[in-house]
Structure formats: structure tokens, C-alpha cells
Amino acid sequence: MPERRPYVAGNWKLWGTRAQADEYCRRLLTLLPEASRRPADVGLCVPFTALDVCLELLKGSGVLVAAQNMHAAETGAFTGEISPAMLVEAGVQSVVLGHSERRLYSGETDRALQEKVPAALAAGLQPILCVGETEAEREAGQTERKLRHQVGEALVDIADDRLADVVLAYEPIWAIGTGQVATPGQAQEAIAFVRALVASRSEKAATRVRVLYGGSVKPENAVEILAQPDVDGALVGGASLDPDSLARITAAAGG
Ligand code: PEP
């Protein structure tokens, strides 16, 4: 089975002035082992206005910098939007797409993601595609149906040989920002299902694609979740605002 390097990404959401980003990055670098000794890749998903601060301070550190959204189009009458080429020009390596908060509050649709995911890959950005069910959907036994729909829709226009270039993040909505973390068993089961969905397109891609868990991950619960065989890392919201917590979760990826 090919090695899948764990990946721990901190999602700052609506946090991080340029001054806060500066202080955060300097502190994080004192806490992380050098890149070759890290048990996981590390990334920061930050607001547009803090991207250049993070890119400058993290240059050469191996810590990836991601935006939290982008538009699929290169240009046009889309006031307030940012294009894939704009992110690439700024030096950004990755972009979060389909976060449940954007689906809920900003009208992000599966249809839009169908264009955004290929547009990100075409521009040379690594998409981190978020999927996950609501509490009501889980209780109604609809988790797999929801995941099948979201993964299928977002990846339909991605060629099989590029599927593994997408990072998937299984983020049950009931666990995001609630402190109610999925059990390791729930995370494993859902993520194995997401991997099986990729396998239905390409077995080879399924063995290589990284699927992260997100939802109230903290240093205290990270070891058990990250030890699950199909869980390839974590997308961390609230806890990532403390660089010490993000560094400890990264260490937890090493077991
Ligand atoms: C997230 O923002 O993707 C997330 C998982 O948030 P939290 O860790 O705060 O639940």
C-alpha cells in the first residue's frame, strides 16, 4: 500500500489580522520540528489579507499556506471574488473549498464546487474539499447518501489520474465548532466510505488520496482519531488558533 503522508491543516476561519498572523507564524516556527522531522505535513488556511504575511514568514519552512475560498472563473463580473490565478500569483499553494460554513452562510453549492475543484487543480493549487453530514442526516441514516452526493458532484469533472491530487476533508457538521468530536470509529467509518467512493472511480487514486477528519479536533483527542487506518490527518478549526495546539496535534500524527 503506498504511503500517505499525514496532513494537519489549521483553519483560522474569520481570525487573523496581519499582526496576529505575524505573531502566530513566528511562534509556530519555534514549536514545529524542522520539516524533515515532522510526522505530518502542516498547512494554514488563512484569510486573504493575511496570506502574504504567512507566505513570507513561512518561506522555506515547509508549512503550506492555503486560502479559504476562491471563484472558479479567471475574470468577470464577480465583485468581491478572487481567482485561482490571483492566488497562484500571490504564492499560495492550496485552497479550502466547500467548507460547511461557506455552504451554510455563503450559498456555496455542489454545482459551484464542480467548477472550483477542477479550476484549482488546473491552476496548480491543491484543493482541500470539505464534505460532511448534518446531525439530522446522520440520525436519519443519510450519512453515506450525503457523502456520495457531495463527493460525486465535486469530483465528477476531475480525471481519474488527478483524483489523488485533491485532499478530502470529512467534516461532520454536528462536530464543527461544537466540542462534540466524532468517535474514532465514526471518523474511520465515514472516511473509509469516502475512500471507497474514490475507489469506485480509481483504485489507484483511492490508495493515494488523503482524507482528513475535521470537527472539534484538539490535542487531547487527536492521537486516537489520527491512529485510525483511513484517517490521513486533520483539518483543525478552533484549536488551531493556538499555535501550541496545532503543533501538538501535528505531533499526534506521529502516534
Ligand atoms: C473547521 O473549521 O474545519 C473545523 C473542523 O472547526 P473546529 O475544529 O473548530 O470544529
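Look up a bit, the structure's there.
Our subject in this report is the structure included herewith. Remember, predicted model here, so these are calculated numbers, not experimental data.

How each quantity is defined
- Residues numbered from 1 in each chain as written.
- Predicted model: local features only at pLDDT ≥ 70, side-chain atom pairs only at ≥ 80, totals over all residues.
- Heavy atoms only, no water.
- Helix = DSSP H or I, 4+ residues; strand = E, 2+ residues; numbered from the N terminus.
- Buried < 20%, exposed > 50% of the residue type's maximum accessible area, 1.4 Å probe, protein only.
- Axes fitted to C-alpha atoms, helices over the stretch in contact; angles between N-to-C directions.
- Parallel < 35°, antiparallel > 145°, perpendicular 65-115°, else oblique.
- Left-handed = near helix turned anticlockwise from the far one by under 90°.
- Contact = heavy atoms within 4.5 Å.
- Salt bridge = Lys/Arg side-chain N within 4 Å of Asp/Glu carboxyl O.
- Expected span 1.5 Å × (residues − 1).
- Arc of directions from axis to C-beta.
- Near = heavy atom within 4 Å.
- Polar contact = N/O pair within 3.5 Å; in protein donor to acceptor, adjacent residues only side chain to side chain.
- Nonpolar A, V, L, I, M, F, W, Y, C, P; charged D, E, K, R; others polar.
- 1 Å grid on protein atoms, 1.4 Å probe; cavity = no way out; pocket = protein on both sides within 12 Å on 5 of 7 lines; lining within 4 Å.
- Points joined across faces, edges and corners; volume = space filled by probe spheres on them.
- Disulfide = S-S within 2.5 Å.

For residues other than glycine, phi is negative in most cases, and the peptide bonds are mostly trans. Phi at Lys13 is positive, roughly 50°, even though this residue is not glycine. For Lys13, the position within the fold is in the loop between β1 (7–11) and α1 (18–31). Residue class for Lys13 comes out partly exposed when judged on its relative accessible area of 23%.

Further remarks concern the packing of helix α10 (residues 219–226) against helix α11 (residues 243–252). Closest axis-to-axis distance for the α10/α11 pair is 8 Å, and the angle between their directions is 25°. Classed by the angle they form, the pair α10 and α11 counts as roughly parallel. When you trace α10 past α11, the crossing you get is right-handed. Between α10, through Pro219, Glu220, Ala222, Val223 and Leu226, and α11, the contact on the second element is made entirely by Ser245, Arg248, Ile249 and Ala252.

For the coordinates displayed, the defined rule picks out 18 salt bridges. The residue Glu133 makes a salt bridge to Arg138 at a minimum N-O spacing of 2.7 Å. Judged by relative accessible area, which is 23%, Arg138 ranks as partly exposed. Between Arg195 and Asp230 there is a salt bridge, and its shortest N-O distance comes to 2.6 Å. Of this pair, Arg195 sits in helix α8 (residues 184–199) while Asp230 is found in the loop between α10 and β8 (233–236), placing the two residues 35 residues apart along the sequence. In this structure Arg195 comes out as buried when scored by relative accessible area, which is 8%. Here the salt bridges do not stand alone but share partners, grouping Arg4, Arg195, Asp230 and Asp232 into one network.

Before going further, it helps to examine α1. Spacing of three or four residues puts side chains on the same side of an α-helix, whose turn is 3.6 residues. When the terminal C-alpha atoms of α1 are compared, their 20 Å separation across 14 residues agrees well with the 20 Å that a helix rising 1.5 Å per residue should span. Within the sequence span of α1, burial applies to Ala21, Tyr24, Cys25 and Leu28. Projected down its long axis, α1 carries its buried residues within an arc of 100°, all on one side. Exposed side chains of α1 directed beyond 90 degrees from the buried face belong to Ala19, Glu23 and Thr30. The elements touched by buried residues of α1 are β2 (41–45), α2 (51–58) and α11.

Take the site of the ligand next. Around the ligand there are 14 residues in total, and Glu171, Gly177, Ser216, Gly237 and Gly238 lie nearest to it. Here an oxygen atom of the ligand and a side-chain polar atom of His99 are 2.8 Å apart. Looking at side-chain class alone, the shell around the ligand contains four nonpolar, eight polar and two charged residues.

Right, let's talk about the layout of surface pockets for a bit. Within this model, the largest pocket holds a volume of roughly 380 Å³. Lining the largest pocket are 19 residues, with Lys13, Phe48, Gln68, Asn69 and Arg102 sitting closest to its centre. If one sorts the elements of the lining of the largest pocket by residue count, helix α4 (residues 100–105) sits on top with three residues. Among the residues making up the lining of the largest pocket, the classes are represented as eight nonpolar, seven polar and four charged.

What follows concerns the state of the cysteines. Linking two cysteines covalently via their sulfur atoms produces the bond known as a disulfide. A full pass over the atoms with the stated rule returns zero disulfides. In this structure Cys25 is not part of a disulfide, and its nearest cysteine sulfur, from Cys54, lies 3.7 Å away. Its relative accessible area of 0% is what places Cys25 among the buried residues. Distance from the sulfur of Cys130, which forms no disulfide, to the nearest cysteine sulfur (Cys45) is 8.2 Å. Classification of Cys130 by relative accessible area gives buried; the value is 2%.

Across all of its chains, the model carries one cavity of 30 Å³ or more by this definition. When its volume is computed, the largest cavity comes out at roughly 40 Å³. Forming the walls of the largest cavity are Gly98, His99, Ser100, Arg103, Cys130, Val131, Gly132, Gln150, Glu171, Ile173 and Ile176. Sorting the residues of the lining of the largest cavity by element identifies α4 and β5 (126–131) as the ones contributing at least two each.

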